[in-house]
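Listed below, chain by chain, are the residues.
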Amino acid sequence: MDFGSDTGLGHLKRSLVYAKNFDEITYISKSDEKEFVPYPLITIQNEDEFFLHVKRLQPKEVIVDNYDFTLEDEKRFKELFPHIKLSCFDDDYREHFCDEIINHNISADKSRYKNPDIVKIIPPLVRDEFKREKKIKREKIYDYFIAMGGSDTQNLNIKILEILPKDKKVAVVTTTANKHLKELREYAKDKENISLHVNSDEVAKLLNQSSLAIVTPSVIVHEVLFMQTPFFAIKTAPNQDDIYRYLKREGYDVYESFEKWLKEKIK
């Protein structure tokens, strides 16, 4: 599991929901940002260190959610640890050499996998705070809710804020994994219509208080759909392709890039 300013936090958040199915959890990651992980976190430099820690810990199951953990890495894992169950999260239909493939996306299609017999399709991993919040009826105090990912890799928050009407109330959600956070704070500090929320534990509440969400077609879109909040989704990374295509096929407002959204929606 890797997360942070370069890779984002979406996969970490979904893994934290899935982790509640287990009694004992240890995270192994190339990230050392412990503030995001409420479990023991072991920081590594490479896959060799990962294998050493697996050998030391001897867990019953290892769950991988990492695009950089390759097919060859999976083969090596099963050669070293044939007795340990290897499960891999997958949302782009890669070839695997593991015991179980897990897909929780709304767009999941078991038939697209080379070995569908080992595929486990599960419901979207929605955090508990959203389930609690959905039962509450709140006043819509924000016209827009913006969440371009915890790391906002394309620095879109400011670009979107610059073109939204200045008389509209906006809630912007981001994290300290955002490399552009200092710039974003500076931009928002003297604008009364912008409410900036960093590492917020009230994302569900903010979404519930918003009339329209502007998000990416990623993990967060499951939560937006669950809350039944109208939204635009702007694709910012290749790993969002599958959900992007699904949303487009289902008739949702989803756009291939910020420029496409700008051209089609902002007049």
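Residues numbered from 1 in each chain as written. Predicted model: local features only at pLDDT ≥ 70, side-chain atom pairs only at ≥ 80, totals over all residues. Heavy atoms only, no water.

Asker: So what exactly am I meant to see when it comes to the overall build of the protein chain here?
Answerer: Of the regular secondary structure elements, the protein chain holds 10 helices and 12 strands. On C-alpha atoms alone, the protein chain measures out to a radius of gyration of 19 Å, which is about the 18 Å that the 2.2 N^0.38 rule sets for 267 residues. Principal axes of the C-alpha set define a box for the protein chain whose edges measure 60 × 35 × 35 Å. Out of the 267 residues belonging to the protein chain, those deemed buried represent 51%. Long-range pairs, those at least 24 residues apart, make up 53% of the contacts in the protein chain between residues at least 6 apart in sequence. Carbon and sulfur atoms form 48% of the exposed surface of the protein chain, whose accessible area is close to 13,900 Å². The average position of the 43 basic charges and that of the 47 acidic charges among the side chains of the protein chain differ by 4 Å. (Helix = DSSP H or I, 4+ residues; strand = E, 2+ residues; numbered from the N terminus. Rg over C-alpha atoms; globule rule 2.2 N^0.38 Å. Buried < 20%, exposed > 50% of the residue type's maximum accessible area, 1.4 Å probe, protein only. Contact = heavy atoms within 4.5 Å. Areas by Shrake-Rupley, 256 points an atom, 1.4 Å probe, with all protein chains shown as cover. Lys, Arg positive; Asp, Glu negative; His and termini not counted. Charge placed at Lys NZ, Arg CZ, Asp CG, Glu CD.)

Asker: Just to check I follow, could you spell out the sheet that holds strand β11 (residues 231–234) for this structure?
Answerer: Pairing between the strands of a sheet comes from backbone hydrogen bonds, and it takes one of two forms, parallel or antiparallel. If you trace the 6 strands from one edge of the open sheet to the other, you get β9-β8-β7-β10-β11-β12, paired in parallel fashion. On the outer flanks of this sheet lie β9 (194–198) and β12 (253–255), each paired with one strand and no other. Across the sheet, the mean angle from the axis of one strand to that of its neighbour is 15°, orientation sign disregarded. For strand β7 (residues 142–147) and strand β10 (residues 210–215), the ladder comprises 5 bridges, and the chain directions are parallel. Looking across to β10, one finds that Ala147 is bridged to Val215. (Pairing = 2+ DSSP bridges. Axes fitted to C-alpha atoms, helices over the stretch in contact; angles between N-to-C directions.)

Asker: What am I meant to see in the packing of aromatic side chains here?
Answerer: Any two aromatic rings considered together are summarised by their centre-to-centre distance and by the angle between their planes. Per the counting criterion, the structure on display carries 15 aromatic pairs. An angle of 65° between the planes, with centres 5.8 Å apart, marks the rings of Tyr18 and Phe22 as edge-to-face. Owing to a relative accessible area of 7%, Tyr18 belongs among the buried residues under this scheme. Relative to Trp261, the ring of Phe258 has its centre 5.9 Å away and its plane inclined at 40°; by these criteria the two rings are tilted. (Phe/Tyr/Trp six-rings, centres within 6.5 Å; stacked < 30°, edge-to-face > 60°.)

Asker: I tried to follow the packing of helix α5 (residues 156–163) against helix α6 (residues 181–188) on my own but got confused; where do I start?
Answerer: To describe two helices that pack against each other, one gives the angle between their axes and the distance between the axes. Interhelical geometry of α5 versus α6 gives an angle of 20° and a closest axis separation of 9 Å. Overall, the two elements α5 and α6 adopt an arrangement that is roughly parallel. At the point where α5 passes α6, the crossing takes the left-handed sense. Residue-level inspection shows Asn157, Ile158, Leu161 and Glu162 of α5 in contact with α6, the latter providing Glu183, Leu184 and Tyr187. Within the contact of α5 with α6, the residues separate by chemical class into 4 nonpolar, 1 polar and 2 charged. (Parallel < 35°, antiparallel > 145°, perpendicular 65-115°, else oblique. Left-handed = near helix turned anticlockwise from the far one by under 90°. Nonpolar A, V, L, I, M, F, W, Y, C, P; charged D, E, K, R; others polar.)

Asker: In this structure, what is going on with helix α3 (residues 71–80)? I would like to understand it.
Answerer: Taken together, the buried positions of α3 are Asp73, Glu74, Phe77 and Lys78. For α3, the arc enclosing every buried residue in end-on projection is 135°, short of the 170-degree limit, so these residues lie on one face. In α3, the exposed positions that point more than 90 degrees away from the buried face belong to Glu72 and Glu79. For α3, the elements touching its buried residues are α2 (47–57), β3 (61–64) and β4 (85–89). (Arc of directions from axis to C-beta.)

Asker: In this structure, what is going on with the environment of Ile243? I would like to understand it.
Answerer: Mapped onto the secondary structure, Ile243 falls in helix α9 (residues 241–249). Between the C-alpha atoms of Ile243 and Glu183, which are 60 residues apart in sequence, the distance is 30 Å. When residues no more than four places from it in sequence are discounted, the contact partners of Ile243 are Asn105, Ile106, Ser107, Pro217, Ser218, Val221 and His222.

Asker: Looking at this model, I keep getting lost on the sheet that holds β3. Mind explaining?
Answerer: Taken in spatial order, the 4 strands of this open sheet run β3-β4-β5-β6, and their pairing is parallel. Bordering the open sheet on either side are β3 and β6 (119–121), each of which pairs with just one other strand. Within the sheet, the average angular offset between the axes of one strand and its neighbour, ignoring direction, is 25°. Across 3 bridges, strand β5 (residues 100–103) lies against β6 in parallel orientation.

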